Structures are given as structure tokens and as C-alpha cells.
There are 2 protein chains.
Amino acid sequence: MGRNKEFDTTVVLRKAMEVFGHYGYEGTSLQILLDGLGIARQSLYDTYGTKKDLFISAVKHYTNEKSAAVLTRLDRPGSVKAAIADIFREIAAALKDEVRRKECFIMHSAIDQVPHVPEIAAFFEQDASRLEEGFYRALVRANEQGELSDRHSDLRALARYLNHSRYSLTQAAKLTSEPKVLDDIVKVTLSALDS
Amino acid sequence: MGRNKEFDTTVVLRKAMEVFGHYGYEGTSLQILLDGLGIARQSLYDTYGTKKDLFISAVKHYTNEKSAAVLTRLDRPGSVKAAIADIFREIAAALKDEVRRKECFIMHSAIDQVPHVPEIAAFFEQDASRLEEGFYRALVRANEQGELSDRHSDLRALARYLNHSRYSLTQAAKLTSEPKVLDDIVKVTLSALDS
DNA sequence: TCTTTTTCGGACCATTTAGTCAAGAATAAA
DNA sequence: TTTATTCTTGACTAAATGGTCCGAAAAAGA
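First, a word on scope: everything that follows refers to the structure included in this document. Note that the structure is predicted; figures quoted are calculated from it, not measured.

**With respect to the overall build of chain A**
Phase 1 of the analysis: Of regular secondary structure, chain A possesses 10 helices and zero strands.
Phase 2 of the analysis: Beginning at the N terminus, the succession of helices and strands in chain A can be written as α-α-α-α-α-α-α-α-α-α.
Phase 3 of the analysis: For the C-alpha atoms alone, the extent of chain A along its principal axes is close to 60 × 40 × 30 Å.
Phase 4 of the analysis: By the burial criterion, 53% of the 195 residues in chain A qualify as buried.
Phase 5 of the analysis: Of the contacts made within chain A by residues no fewer than 6 positions apart, 72% connect residues no fewer than 24 positions apart.
Phase 6 of the analysis: Carbon and sulfur atoms provide 50% of the accessible area of chain A, an area that totals close to 8800 Å².
Phase 7 of the analysis: A distance of 2 Å separates the average location of the 27 positive side-chain charges in chain A from that of its 28 negative side-chain charges.

**Considering the nonpolar core**
Phase 1 of the analysis: Grouped together as the largest cluster of nonpolar side chains are 133 residues, with contacts concentrated most on Ile84 of chain A together with Ile84 of chain B.
Phase 2 of the analysis: Non-local contacts of Ile84 of chain A, meaning those with residues more than four positions away in its chain, are made with Leu74, Phe135, Leu139, Leu162, Leu190 and Leu193 of chain A.

**Overview of the relation of the copies chain B and chain A**
Look at the two chain copies: a rotation about an axis and a shift along it is all it takes to match them.
Phase 1 of the analysis: The operation relating chain B to chain A is a screw motion whose rotation component is 180 degrees, with 0.0 Å of axial translation and a residual RMSD of 0.0 Å. Such a turn and shift between the copies fits a two-fold axis.
Phase 2 of the analysis: The overlap is high: 100% of the interface residues of chain B also sit at the interface in chain A, so the same surface is used on both sides.

**Some points on the side chain of Ser168 of chain B**
Phase 1 of the analysis: Within the secondary structure, Ser168 of chain B sits in helix H9 (residues 155–175).
Phase 2 of the analysis: Here Ser168 of chain B is in contact with His164, Ser168 and Gln171 of chain A, once residues within four sequence places are set aside.

**Notes on the environment of Arg151 of chain A**
Phase 1 of the analysis: By the secondary structure assignment, Arg151 of chain A is in the loop between helix H8 (118–144) and helix H9 (155–175).
Phase 2 of the analysis: A residue is classified by how much of its surface remains accessible, and Arg151 of chain A, at 27% relative accessible area, is partly exposed.
Phase 3 of the analysis: Sequence-wise, Arg151 of chain A and Leu193 of chain A are 42 residues apart; in three dimensions their C-alpha atoms are separated by 9.5 Å.
Phase 4 of the analysis: Beyond its immediate chain neighbours, meaning those up to four positions away, Arg151 of chain A contacts Ser191, Ala192, Asp194 and Ser195 of chain A together with Arg151, Ser191 and Asp194 of chain B.
Phase 5 of the analysis: Among the polar contacts made by the side chain of Arg151 of chain A, one reaches the main-chain carbonyl oxygen of Asp194 of chain A at a distance of 3.0 Å.

**What to know about the packing of aromatic side chains**
Phase 1 of the analysis: All chains considered together, the criterion is met by 10 aromatic pairs over all chains.
Phase 2 of the analysis: Residues Tyr25 of chain A and Phe55 of chain A carry aromatic rings whose centres are separated by 4.8 Å and whose planes lie at 45 degrees to one another, so their mutual orientation is tilted. Separated by 30 residues along the polypeptide, Tyr25 of chain A in the loop between helix H1 (9–23) and helix H2 (30–37) and Phe55 of chain A in helix H4 (residues 51–75) bring together distant segments of the chain. The pair Tyr25 of chain A / Phe55 of chain A is uniform in exposure class, with both members buried.
Phase 3 of the analysis: Members of the aromatic cluster, each reached through a chain of ring pairs, are Phe20, Tyr25 and Phe55 of chain A.
Phase 4 of the analysis: The ring of Tyr167 of chain A carries Arg166 of chain A above its face, with NZ or CZ at 5.3 Å from the centroid.
Phase 5 of the analysis: One residue, Lys51 of chain B, lies across the ring of Tyr25 of chain B, its end atom 4.5 Å from the ring centre.

**What to know about the environment of Asp184 of chain B**
Phase 1 of the analysis: Positionally, Asp184 of chain B belongs in helix H10 (residues 179–190).
Phase 2 of the analysis: Excluding anything up to four places from it in sequence, Asp184 of chain B contacts Asp154, Ala157 and Arg160 of chain A.

**Digging into the interface of chain B and chain A**
Phase 1 of the analysis: The partner chain A presents 35 residues to the 35 residues of chain B that form the contact.
Phase 2 of the analysis: Summing the contributions of chain B and of chain A, the shared interface buries around 3400 Å²; its carbon and sulfur component is 62%.
Phase 3 of the analysis: At the boundary of chain B and chain A, one finds six salt bridges.
Phase 4 of the analysis: Of the charged contacts in the structure, one is a salt bridge between Arg160 of chain B and Asp184 of chain A, with a shortest N-O distance of 2.6 Å.
Phase 5 of the analysis: For the side of chain B that touches chain A, the secondary structure elements donating two or more residues are helix H1 (9–23), helix H7 (106–113), H9 and H10 of chain B.
Phase 6 of the analysis: Of the residues belonging to the side of chain B that touches chain A, the class tally is 16 nonpolar, nine polar and 10 charged.

Thresholds applied
Residues numbered from 1 in each chain as written. Chains lettered and ligands numbered in written order. Predicted model: local features only at pLDDT ≥ 70, side-chain atom pairs only at ≥ 80, totals over all residues. Heavy atoms only, no water. Helix = DSSP H or I, 4+ residues; strand = E, 2+ residues; numbered from the N terminus. Buried < 20%, exposed > 50% of the residue type's maximum accessible area, 1.4 Å probe, protein only. Contact = heavy atoms within 4.5 Å. Areas by Shrake-Rupley, 256 points an atom, 1.4 Å probe, with all protein chains shown as cover. Lys, Arg positive; Asp, Glu negative; His and termini not counted. Charge placed at Lys NZ, Arg CZ, Asp CG, Glu CD. Core = buried A, V, L, I, M, F, W, Y, C linked by side-chain atoms within 4.5 Å. Least-squares fit on C-alpha atoms with pLDDT ≥ 70 in both. Polar contact = N/O pair within 3.5 Å; in protein donor to acceptor, adjacent residues only side chain to side chain. Phe/Tyr/Trp six-rings, centres within 6.5 Å; stacked < 30°, edge-to-face > 60°. Lys NZ or Arg CZ within 6 Å of the ring centre and 35° of its normal. Buried area = accessible area lost by both parts, 1.4 Å probe. Salt bridge = Lys/Arg side-chain N within 4 Å of Asp/Glu carboxyl O. Nonpolar A, V, L, I, M, F, W, Y, C, P; charged D, E, K, R; others polar.

Printed below as a string of C-alpha cells:
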């Protein structure tokens, strides 16, 4: 009974990522937001709550999606170095794609709000530790599989580095439109795993 | 003849970096800005122009200062690897210092505005190319001095990577309050230069 | 058909926004 | 003292802000 929702809430969430990613949280006026989402003002408040609520939902949805993909790839049996290379090349591919890159920039807006929105700060802290642990587990396995040389003594540092590099690629993408630059950065980043 | 300015304009510019760095450009209301600068409203408009003018001035001042220091260090004779290590450790030191770190975050706010303020976009494009060239020159010299192994074939990629890593450290600092994490990231970043 | 839910659009609100103007006090050099 | 510049304060504006309320149309199941 009753009318069904006309829009797919996850599709709208995707659009929210794009809008917030482009204008930033504070830079996104309600008008811009509504135009970008393509829904009516009341529908926004009914479905997602306030502007801030929607922002938090979008950030969490985006981050969870990406993190899950990374962790899955890291835990898959086989070469760890190949897995990590896959992960970074996938990020670079997304950032080079005219369409897909747009929603990635919500990361930048989200990091912007870390000092002002405790819920986002706590969320990222938790996410970072999950990811760091994931990278660390993978690196330990890589070591057991003989993929690393003895110059990689500090696997904890390496794990932190890799997780941070993942985030930082979107920043690089915001600064350059040259795809080659992203490829170069990824290439050198991955070389940290070489012997 | 006439009264002198009571405030040092570069000191105020520094405070502007802190305020804009903390709240972001859009997140900084005029009231917050004036409170942070400690000057009267009219003084702001008389001395710096609009809010946007001040923001651009602060961004340029900060960037020029940092870039000049980096380029100077890179061009100094002696070990290039030591120079690069110095540069990154200095950044980490600044980001770990409770006071100095504050103004660094204007970089994040500035990158935020790249898609919306053409003047900032053009400025960063120029700055990035200057810095990339500086790193590249240094790496060529390092190669001539026998500091690099033959696994470092693509010095252009390495230069881009180093310049990007410089920027990305402030992002990492915004996400973590743990100093050890920054040290770890720097350590692994520099290991890209090892043989 | 009746009921329930959603969508949509416009009106509306109090608050905040960036920026301007004016006037008097302070300060410094001529 | 005179003159020029800056500082400070407060009032003011027009526009934009996020958010709420209302009513009618649309759609889906009972």
C-alpha cells in the first residue's frame, strides 16, 4: 500500500558524492544539491534528513564500498604484490575516467570535515585502522611467500604508507588533468615493494 | 605623513593561512576570519581587498615560501638524497609541531578551490611544474654523482612522485594525529630512492 | 474505490552571509 | 598645528543560507 519511492536511494547517494565532491560540503548550497540530485527538497529531508546527514551517508557509503573492494582483493590467495598493484591501478583507472572520477572527490571534501564533524573523524579512524590491518596482513603473507626482500623490514610502516598512498591519489588527480602523471605516481609508489 | 599600519601584513597573512586552513575557504565566515586575524573589518578590505583576494594572497604567499625553500635545498651542492631526505623530514617536523602545522592546512583548502578559482588553478599548475623540474634537475645530478642505482630509470616519474608526496603529507596529517604514522610514511617514501 | 505513501513545488522563515558606508579617534610626518 | 593615513566601531543592505510547512497530484496496494 502506498506509493513506492521513485528514485533509487543508492543512485541518489552516488550523485550526492559527485556534488559534494565538486563543491565541497560548505560550498554546496541546498539549491545546488537539489539540482544535482534531481529530487525535490522535501524528498531529501524525508529520505536522508538534513544536508549534513546526507553528506555523512554519502561519505560512509563511498568509503565502505571502496574499502570492502580493497580488503577483498588483499585477502585473495596468490601474489600479494600483484594484488596491491591491481588495487592501485584500479584507483588510477577510476581517476582517469571522466565519469567515474567525479564521485572520488568526495574523499577530499570528507577529509575537509574531519576536524568539524566528529562522526566522520571517528569513521575514518576506524576505516584507516581496518585498512592498515588489511595491508599489514597481506604484507606478512607476502613475506611468507617470499615476495619481499629483506630490505622490507618494517611491514607496519609499509602498510601505513600504502593506505595513505591510496587516499593521496585523489588529491593528485584534483591537481592535474594529465593521466600520465597519475600513472607515474602509481608506478613509483608500487616500486616501494620491489626488492 | 599619516598614521602607520599597526599590523605586520605578513603576520596577518600567516593567521589567514591558519583560519582558512582550519575552516576551509567556504567554511570561513567573515566573522570567523576577522576574529582570527585580529583586525577590524574595514582594515581587511582596505589592505587585502575581498575575502577571496585575501585567500589567494595567503595561498600564494604560503606556496611561494615553501617552494623557494625546497628549490634552494635541491640546488645546493652535495648529496641529493640527503637533500630530499631533509626536505621531507622538515615537512614532517612542521606537521608534527602543534603550532606550525596549522598554517600547512591551507594547502588542503587551496586544492579544494582549484576547480572554482582559475587564478589558483593556474598558480598551482605553474608551481607544480617549477617544483617537478627542480626535483628532476636534482635527480639528474644525483645520477651523475652515482647516488642512484640503475633501477631508477624513469627520473621524470620519480620527480613527479616526489613533488606529489610533498603535498600529500599534509593530507595524511589531517587524517591522523599519530606522529609515528607520518614518520613511517616519510620513511617509506624516501625508500623509493634506495637502490 | 479507499487508504496510504511519495513526489513535487512554492511559499515562507529566521539567520547568516559578504560587502559598503560613515564618523570619530589615533597616530605620524610635514 | 596642519594634514594625511589608518584604526575602530557600528549600522546597514541585499542576497543567500538551511530548514519547515502546506497542499495537491500521483501511484500503489487493499
